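One-letter residues, chain by chain:
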Amino acid sequence: MKKPCRITARVLLLSLLPAVALGHCKVLAHTADAQPLFDKDGVRPDGGVLKSESAKAVGTYITAAKGGRIWGREPSMRRPG
């Protein structure tokens, strides 16, 4: 007998983070394992969405994040009017 699926607050929060961070024009980094979550949220690659394959990519993320928000993304995130 299968147990019912329980969505915990942690799982729900993690599933919302990419879309929220994207909407705030933040720099995002993820591994290949997280790609389905990013695909589900409609996160498209740009200068602030970094796919990291190793721990060495942390430096790339920090450098990008120090540059601040990715303002070029904003027009595609806002509704006109």
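These numbers come from a predicted model, not from an experiment.

Thresholds, definitions, all that
- Residues numbered from 1 in each chain as written.
- Predicted model: local features only at pLDDT ≥ 70, side-chain atom pairs only at ≥ 80, totals over all residues.
- Heavy atoms only, no water.
- Helix = DSSP H or I, 4+ residues; strand = E, 2+ residues; numbered from the N terminus.
- Buried < 20%, exposed > 50% of the residue type's maximum accessible area, 1.4 Å probe, protein only.
- Contact = heavy atoms within 4.5 Å.
- Areas by Shrake-Rupley, 256 points an atom, 1.4 Å probe, with all protein chains shown as cover.
- Salt bridge = Lys/Arg side-chain N within 4 Å of Asp/Glu carboxyl O.

Caption draft 1: Spotlight on the overall build of the protein chain. Looking only at helices and strands, the protein chain features four helices and two strands. Helices and strands appear in the protein chain in the N-to-C order α-β-α-β-α-α. Counting every position in the protein chain, which comprises 81 residues, the buried fraction comes to 21%. Once local pairs closer than 6 in sequence are excluded, the contacts in the protein chain between residues at least 24 apart make up 44%. Split by element, the accessible area of the protein chain, about 6,400 Å² in all, is 62% carbon and sulfur.

Caption draft 2: Summary view of the pattern of salt bridges. Counting across every chain of the model gives one salt bridge. Residue Asp-46 pairs with Arg-73 through a salt bridge whose shortest N-O separation is 2.8 Å. Here Arg-73 lies in the loop between helix H3 (57–66) and helix H4 (74–77) and Asp-46 lies in the loop between helix H2 (35–40) and strand S2 (49–51), a separation of 27 residues in the sequence. Its relative accessible area of 28% is what places Asp-46 among the partly exposed residues.

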